Amino acid sequence: MEWQQTTMKCSWKLVLLLVFFCLAVQYTALRSIQDFFPRPCQDFSQCQKCHEKDHSLKSSYKNNSVPTRSTTAPARRHIHLFSQTRSGSSFAGQLFNQHPDIFYMYEPLYHVQVSIFNYNKCLGKPTDRFVQGLYRDLLFNLYTCYFNVLENYIQPEPKDHLTTSFFRQASSHALCSPPICQEGKKEIMEGQPDESWCHKKCKILNLTLASMACHSRSHVAIKTVRIPQVSDLRILTEDPRLDLRIIHLVRDPRAILASRITAFTEQFLAWKIWNATDKQPHHVDLTQITRTCQDMVYSVDIGLKKPAWLQGRYLLVRYEDLAINPEGKAKEIYKFLDLDMDNKVITWISQNTNATSSRKSRYSTSRDSKTTPESWRLHLSFDIVKTVQTLCNNTLALLGYKIVHSEVELRNITNSLVDPRTFN
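Residues numbered from 1 in each chain as written. Predicted model: local features only at pLDDT ≥ 70, side-chain atom pairs only at ≥ 80, totals over all residues. Heavy atoms only, no water.

## Examining the overall build of the chain
So, step 1. If you tally the helices and strands in the chain, you get 18 helices and seven strands.
So, step 2. For the chain, the residues scored as buried account for 51% of the 424 residues in total.
So, step 3. When the accessible surface of the chain is totalled, it reaches about 21300 Å², and 54% of it is carbon and sulfur. (Helix = DSSP H or I, 4+ residues; strand = E, 2+ residues; numbered from the N terminus. Buried < 20%, exposed > 50% of the residue type's maximum accessible area, 1.4 Å probe, protein only. Areas by Shrake-Rupley, 256 points an atom, 1.4 Å probe, with all protein chains shown as cover.)

As structure tokens, this is what we get:
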């Protein structure tokens, strides 16, 4: 009986995932068809745009290149903070979370990842194409404020569109304020930086209200660390219904690894032993940091080459530059987005980049930002640093991170390892 229940549960999840994969594939197919067949026009101005787009598509097709988009962008911005785990994306995400006109979401793809994990237990690992199809489908729905699609992934399954299991709800002011949560009005108005009140006052999330609240805001921003390469977002950047702008946040891979060792002790136990003993264990897994560097180089290389589908839609930001000059980099980001930076963002930066307390959670966004970027140099063993420098040599060179040749050089943090460099 228990075996039958497990089989039925797995089968149900498989059917669900297959349905959404099919929807993602259909969405991709429809986008391809839409690119080459103009839609009916509703008025003269729309007809003119359709005609211009049709002409450019035909020219692009003949030249075997990616079609260009209209230079007239929709007023609504769709912002994607694209990064990797422990690259400072929680901190960077606050630049959008604090803006009253932006509906910010923190890692909604987490729910898909959990569903995929359950899928793995039932039928084995799905293909990367399958996973990225699910991710893109969910992102499109969230960018267009259709939150109810999350009900297919959240566990336990929401009832009457209500859930208490939305991942890191407290990290989004939009999800902790009216009309979604009436109890959070005072804290949001006062710019309360502590997220603990949201857990207490906004325990139940109404996904239908979330959709309505999302529509009421001018722009949508989503942070992810679960999409490996910027090319995985291409379909969304080319969708005329979205005005997707990608902020690609990168960080020194040596710092990323140091942060992961501290934050995820169980997964990085072998690394922790290595860091303590300065001797590499036989069972240490080097593939994760290698893959991190490969994905970073691949995405940065594409972004800086500025293909047609990324024209005006990609901005590279080093975490170190953001931490050292948060207000200046924030203004640069908002200029790229063609948006005004609200005073609440400036106030948050002022109040949360000079923290000196050592009591922080793994996702803390309050810090002494000027000392944080290279503090890893005091905690990571030189043996590990040498290994990462070998594995990620191309990444370090491309992004302007200097290599150290001795432990003395590593520990001397008065000499920065971040080369002043301008990108984009």
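## Re the packing of aromatic side chains
So, step 1. This model, assessed by the stated rule, comprises seven aromatic pairs.
So, step 2. Relative to Y334, the ring of F96 lies with its centre 6.2 Å away and its plane at 45°, an arrangement referred to as tilted. Taken together, the positions of F96 in helix α3 (residues 89-97) and Y334 in helix α14 (residues 326-337) put the pair 238 residues apart, joining distant regions of the chain. Summarising the burial analysis for this pair, F96 and Y334 share the class buried.
So, step 3. Arranged with centres 3.9 Å apart and planes meeting at 20°, the rings of Y110 and F167 form a pair that is stacked. Highlighted residues: Y110 in helix α4 (residues 110-123) and F167 in the loop between β3 (162-163) and α6 (185-189), separated in sequence by 57 residues.
So, step 4. According to the relative accessible area criterion, F167 is buried, its value standing at 18%.
So, step 5. Each residue in the set F91, Y319 and W348 is aromatic and connected to the rest through ring pairs, giving one cluster.
So, step 6. Here R168 stacks its cationic end above the ring of Y106, 4.2 Å away from the centre of that ring. (Phe/Tyr/Trp six-rings, centres within 6.5 Å; stacked < 30°, edge-to-face > 60°. Lys NZ or Arg CZ within 6 Å of the ring centre and 35° of its normal.)

## Quick look at unusual backbone geometry
So, step 1. Across the junction of Q155 and P156, the peptide omega takes the value -5°, indicating a cis bond.
So, step 2. As for its position among the elements, P156 is in the loop between α5 (128-143) and β3.
So, step 3. Residues P178 and P179 are joined by a peptide bond in cis, for which omega reads 5°.
So, step 4. Considering the arrangement of structural elements, one finds P179 in the loop between β3 and α6.
So, step 5. Positive phi values are uncommon outside glycine, yet C145 reaches one of about 65°.

## Structural notes on the confidence of the model for the chain
Detailed reading of predicted coordinates is not advised where the pLDDT is low.
So, step 1. Counting all residues, the mean pLDDT for the chain is 82, and 76% of those residues have values of 70 or more.
So, step 2. This stretch, residues 1-8, has a pLDDT under 50; its non-local contacts, to residues over four places away or in other chains, come to zero contacts.
So, step 3. Ignoring residues within four places in sequence, the model shows residues 23-73, a span with pLDDT below 50, making 46 contacts including any to other chains. (pLDDT = per-residue confidence, 0-100. Contact = heavy atoms within 4.5 Å.)

## Here's the deal with the pattern of salt bridges
So, step 1. This model, assessed by the stated rule, comprises 17 salt bridges.
So, step 2. Note that D243 and R245 form a salt bridge whose closest N and O atoms lie 3.0 Å from each other. Of the two residues, D243 and R245, both sit in the buried class.
So, step 3. Among the ionic pairs, D243 bridges to R313, the shortest N-O distance being 2.6 Å. Residue D243 is found in the loop between α9 (234-238) and β6 (244-250), and its partner R313 is found in the loop between α12 (287-305) and β7 (314-318); the two are separated by 70 residues along the sequence.
So, step 4. The exposure class of D243 is buried, given its relative accessible area of 0%. (Salt bridge = Lys/Arg side-chain N within 4 Å of Asp/Glu carboxyl O.)

## Let's talk about the state of the cysteines
So, step 1. Tallying each qualifying case throughout the model produces four disulfides.
So, step 2. What pairs with C176 in a disulfide is C198, and their sulfur atoms sit 2.0 Å apart. A torsion of -80° about the S-S bond marks the disulfide between C176 and C198 as left-handed. Of the two residues, C176 sits in the loop between β3 and α6 while C198 sits in helix α7 (residues 196-201), which places them 22 residues apart along the sequence. For the pair formed by C176 and C198, the shared burial category is buried.
So, step 3. A sulfur-sulfur separation of 2.1 Å characterises the disulfide bridge that pairs C181 with C202. Here the S-S torsion is close to -80°, and the disulfide linking C181 with C202 is therefore left-handed. Taken together, the positions of C181 in the loop between β3 and α6 and C202 in the loop between α7 and β4 (205-206) put the pair 21 residues apart, joining distant regions of the chain. (Disulfide = S-S within 2.5 Å.)

## Overview of the nonpolar core
So, step 1. Within the largest apolar cluster, 53 residues are counted, with the highest numbers of intra-cluster contacts made by F103, L139, F147, V220, I246 and L399.
So, step 2. Per element, the largest residue contribution to this core is nine residues, and it comes from α5.
So, step 3. Excluding its chain neighbours within four sequence positions, the residues that come into contact with V220 are R76, R77, H78, I79, I102, F103, M105, L142, Y143, C145 and C214. (Core = buried A, V, L, I, M, F, W, Y, C linked by side-chain atoms within 4.5 Å.)

## A word on the pairing of strand β2 (residues 102-106)
So, step 1. Where burial is concerned, most of β2 is hidden: five out of the five residues are buried.
So, step 2. Across the two faces of β2 the burial is the same, with I102, Y104 and Y106 and F103 and M105 all buried.
So, step 3. Of the strand pairs in this sheet, β2 and strand β5 (residues 219-224) are connected by five bridges, and their pairing is parallel. Within the sheet, the bridge partner assigned to F103 lies in β5 and is V220. (Pairing = 2+ DSSP bridges.)

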